[in-house]
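Residue-level listing of the chains:
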Amino acid sequence: MDIIRLDNIALYAYHGVVKGEQDMGQRFFMDIELVADLTEAAQTDGLERTIDYHKVYKVATAAFVGERCYLIERVAWNVMTALFKEFTVDEITVRIRKPSAPIDGLLDAVEVDLTRSREEMLLD
C-alpha cells in the first residue's frame, strides 16, 4: 500500500482540561497519513485517480476545530472519523502535538498518535 502525508498542519483551538486552555486556546500541530492504493494515480498522472490533498486538509481542519474537547485523543478520533467518511482509504494515522501542554516540566510537546484501519472503525 501507499501513503499520502500531510505534515505539521498548524492549528489554533480550544482543547484541553485546564480552564485556561479552554478560554484562551493554544497552538496544535497535526500530521495525517492516509494509506491507500495509489497505483492508478501513479500510472496515469490523473488527478481524479488520487486523493485530493486540499480536500483532506479542509475536512481534517474542520473536524479538528469543530468540537471543543478535553483530550487530544478525542480530537484525533474526530479527525479520523471525518476522513474515513469522506475518503476511500484503507488506514489512517492522525498525530496531534500540543506544544504548550500545562505540565510542570520542560518538554517540546505532548503527542497522541492514533492509527486505525477502515475495518476497525466500522466495528466501533
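Located above this text is the structure these notes cover.
Here's a quick rundown of the structure.

What counts and what doesn't
- Residues numbered from 1 in each chain as written.
- Predicted model: local features only at pLDDT ≥ 70, side-chain atom pairs only at ≥ 80, totals over all residues.
- Heavy atoms only, no water.
- Helix = DSSP H or I, 4+ residues; strand = E, 2+ residues; numbered from the N terminus.
- Contact = heavy atoms within 4.5 Å.
- Polar contact = N/O pair within 3.5 Å; in protein donor to acceptor, adjacent residues only side chain to side chain.
- Salt bridge = Lys/Arg side-chain N within 4 Å of Asp/Glu carboxyl O.
- Buried < 20%, exposed > 50% of the residue type's maximum accessible area, 1.4 Å probe, protein only.
- Phe/Tyr/Trp six-rings, centres within 6.5 Å; stacked < 30°, edge-to-face > 60°.
- Lys NZ or Arg CZ within 6 Å of the ring centre and 35° of its normal.

Structural notes on the environment of Arg-97
Right, so step 1: Of note, Arg-97 is situated in strand E3 (residues 91-98).
Right, so step 2: Residues Arg-97 and Asp-113, spaced 16 residues apart in sequence, show a C-alpha to C-alpha distance of 8.9 Å.
Right, so step 3: Dropping the residues within four chain positions of it, Arg-97 is found in contact with Asn-8, Phe-28, Phe-29, Met-30, Asp-31, Ala-109, Val-110 and Glu-111.
Right, so step 4: Polar contacts involving the side chain of Arg-97 include one to the side chain of Asp-31, which spans 2.8 Å.

Overview of the pattern of salt bridges
Right, so step 1: Tallied over the entire structure, the rule returns 10 salt bridges.
Right, so step 2: Here Glu-33 makes a salt bridge to Arg-5, at a shortest N to O gap of 3.2 Å. You can see Glu-33 sitting in strand E2 (residues 26-36) and its partner Arg-5 sitting in strand E1 (residues 2-13), a full 28 residues away along the chain.
Right, so step 3: Given a relative accessible area of 15%, Glu-33 falls into the buried group.
Right, so step 4: Residues participating in the shared-partner salt-bridge network are Arg-5, Asp-31, Glu-33, Arg-95, Arg-97, Glu-111 and Asp-113.

What to know about the packing of aromatic side chains
Right, so step 1: As enumerated under the stated definition, the model contains 2 aromatic pairs in all.
Right, so step 2: Measuring from centroid to centroid gives 5.8 Å for Tyr-12 and Tyr-14, while their planes differ by 80°, and the two rings are edge-to-face.
Right, so step 3: A relative accessible area of 45% means that Tyr-12 is categorised as partly exposed.
Right, so step 4: Look at Phe-28 and Phe-64: their rings are 5.5 Å apart centre to centre, the planes differ by 65°, and that puts the pair in the edge-to-face class. Note that Phe-28 is positioned in strand E2 and Phe-64 in helix H3 (residues 53-66), a separation of 36 residues in sequence. Just as Phe-28 is buried, Phe-64 falls in that class too.
Right, so step 5: Positioned above the aromatic ring of Tyr-14 is the side chain of Arg-68, whose terminal nitrogen or guanidinium carbon lies 4.3 Å from the ring centre.

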